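Each chain, written out:
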Amino acid sequence: MRLSRYFLPTLKENPAEAQVVSHRLMLRAGMIRQTAAGIYAWLPLGYRVLRRVEAIVRAEQDRYGAIEMLMPTLQSADLWRESGRYDDYGKEMLRIRDRHERDLLYGPTNEEMITDIFRNSIKSYRDLPKNLYHIQWKFRDEVRPRFGLMRGREFLMKDAYSFDVDYAGAVRSYRLMMCAYLSTFARMGLKAIPIAADTGPIGGDLSHEFHILADTGESQVHADPALLELEAETPGPEDDIDSFYEAVTRRYSAADEKHDPAKCPLTADQLVSRRGIEVGQIFYFGTKYSKPLNAVVTGPGGDSIPVEMGSYGIGVSRVAAAIIEASHDDAGVIWPDSVAPFGVGLINLKAGDAKTDEAAEHIYQALSGAGLDILYDDRDERPGGKFADMDLIGLPWHLIVGPRGLAAGTVELKRRATGERNELSVESALARLTEAPRPVSLG
Ligand code: 5CA
C-alpha cells in the first residue's frame, strides 16, 4: 500500500479525551475515531489489526474443535423472557421496539439464542459434544464507557458455547477452551494469566478470567507468580490437557471479589497483586439455560437429559487495545509481528528523486511479490515527519531508502522493538525481510 493513496489521519498532539495509552495511540495513529460515546469507527489501519486479532482467535478456536457460525446482533426479547434474564439484565441492555411494537434487543451476549438454535436441531446424545462460536458485535450500555476500546458500549466479541451430555464432558470442553485461550494470547505476544473468578450475570460455578497485567487495568488480580511463567507452548487438543489444566489451576489465583487473604495459601508478599485487563472469560454453568429453555437430548437409555453448557468469551476489540498497553514506548506503538497492520514500513527519504524513487519502487515490488504486506511511505514529506509517523504506527520493520545510502549501495533496516539498525545491501535487506516472521494472513 502506498501511503500517498492510503487513509492514515495521524495526529501530532495527544487528544485531551484519552486517559490511557492505548486510546491515545489508537487515535494518534489514525486507527480509530469515536462516533458516539463508547462507539468507534475502525479506520483502515486499525481495521487491519482487528482482523489479524480475529484471525488468530478463529484459528485457535478451530484448532481446539469449536465450529464457527454467525448469529445476528438483534435478538427477540421473548427468548430472554424464557430464561428470566430480560428483566434481570437491567439498564445495560439496549432495548429496541420495531414497527409492529415487538420488543427486540441488541445482544450483549448469546446464551439464549444459541440454546434456542441448539434445542431445535439437536435431539440425541450421539450428536454431542458440540462447541459453536461466532465473532460478532455486542452492545452493553455501560454507565461509564471509558478508556476507548477497553470499555466500549459497542465491542467485538468472540463467544463460544459448549454442549455436553454430562459433567465430565463439560469439564473437558472447558479445559480445551482454557488451552485455546492461552495459545491464542501467546500467539499475539501477550502474557495472559488465568485467574479464578466469580461468574456474575452469566451464572454458573466454575469460571476463569484471562488478564494482561497493566497499571491501566480495571481489575485488581492476585496470583501465584508461577502463573506468569507458564510455558508459551500449550498442549494441543490431542495432548494431555488434563495434566496441564491441573498444573495451572493448582496455583492460587483470584479476581478481587473472590480473593480472601484468609484462604490464600500464599502470604501477601509471595503474591503478585496487580491491575489487570480482562481480555477473556470462560464459564461452566451446567444446566442454567438448558433447563428453563428445555434444551434436552435423549440419553443412551432413552431418558431426556438437559445439556451441560459452558460459554467462552474473548473481547476481540479490547485485545487490540490491550496489546498496545503491553507493547509501546514514548514514540508510539510496537506491534508484535503476528498482529501488525503491515509487516514492513518502507520509507523513501527523498520522494521525487529519480534514483531513490526507482530503488524504493524496486524494493516495494519485490517485497509485495514475495507476499509481504508493505506500507510504502512515498509522500513528499520531510524525513523527520516520516520517521515519527512510522514509529507512531509501530510497524515491526522499517526499511529506509535514501540517496546517500544508495550511493554507497546500502539501505537501512530498523527493528522497531529494539531500535537496532543495520546498513545492508538491498539484496540482504530483502532476504532478511522475506525470512522474518510475518503477520497472520488477513484471509
Ligand atoms: N457470554 C459470556 C462469554 S461468551 C460473556 O459475555 N462473557 S463476558 O461478559 O466476560 O465478556 C467476554 C469478554 O468481552 C470480556 O472478557 C471482555 O474482554 C470483553 N468485554 C466485556 N465488556 C466489554 C466492553 N464494555 N468493552 C470491551 N470489551 C468488553
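These figures come from a predicted structure and were not determined experimentally.

Student: Got a minute to help me understand helix 10 (residues 383–393) in this structure?
Tutor: Because each turn of an α-helix spans 3.6 residues, side chains separated by three or four positions end up pointing in the same direction. If you check which residues of helix 10 are buried, you get Lys-386, Asp-389, Met-390, Asp-391, Leu-392 and Ile-393. Of the residues flanking the end of helix 10, it is Gly-394, one or two places downstream, whose phi is positive at about 70°.

Student: Which parts of the structure should I look at to understand the site of the ligand?
Tutor: Taken together, 22 residues sit near the ligand, with Thr-109, Glu-111, Arg-140, Gly-152 and Glu-278 positioned nearest. Between a nitrogen atom of the ligand and a main-chain N or O atom of Met-150, the distance comes to 3.4 Å. At 3.3 Å from an oxygen atom of the ligand is found a main-chain nitrogen or oxygen belonging to Val-279. When the ligand sits alone it has 600 Å² of accessible area, and the protein chains cover 96% of it. Counting residues per element, the ones that place at least two in the shell around the ligand are strand 8 (154–164), strand 13 (272–286) and strand 16 (308–315). If one sorts the elements of the shell around the ligand by residue count, strand 13 sits on top with five residues. Considered class by class, the residues forming the shell around the ligand number eight nonpolar, seven polar and seven charged.

Student: I keep staring at the pattern of salt bridges and nothing clicks. Help me out?
Tutor: Pairs can form between side chains of opposite charge whenever their charged atoms are close. Counted according to the given criterion, the structure contains 33 salt bridges. The salt bridge involving Asp-116 is made with Arg-119; its shortest N-O contact spans 2.8 Å. One end of the pair, Asp-116, and the other, Arg-119, are both in helix 5 (residues 111–121), three residues apart, so they sit about a helical turn from each other. Two residues, Asp-337 and Arg-415, come together in a salt bridge whose shortest N-O distance is 3.0 Å. Of the two residues, Asp-337 is situated in the loop between strand 18 (332–333) and strand 19 (344–348) and Arg-415 in strand 22 (residues 411–415); the sequence distance between them amounts to 78 residues.

Parameters at a glance
Residues numbered from 1 in each chain as written. Predicted model: local features only at pLDDT ≥ 70, side-chain atom pairs only at ≥ 80, totals over all residues. Heavy atoms only, no water. Buried < 20%, exposed > 50% of the residue type's maximum accessible area, 1.4 Å probe, protein only. Helix = DSSP H or I, 4+ residues; strand = E, 2+ residues; numbered from the N terminus. Near = heavy atom within 4 Å. Polar contact = N/O pair within 3.5 Å; in protein donor to acceptor, adjacent residues only side chain to side chain. Areas by Shrake-Rupley, 256 points an atom, 1.4 Å probe, with all protein chains shown as cover. Nonpolar A, V, L, I, M, F, W, Y, C, P; charged D, E, K, R; others polar. Salt bridge = Lys/Arg side-chain N within 4 Å of Asp/Glu carboxyl O.

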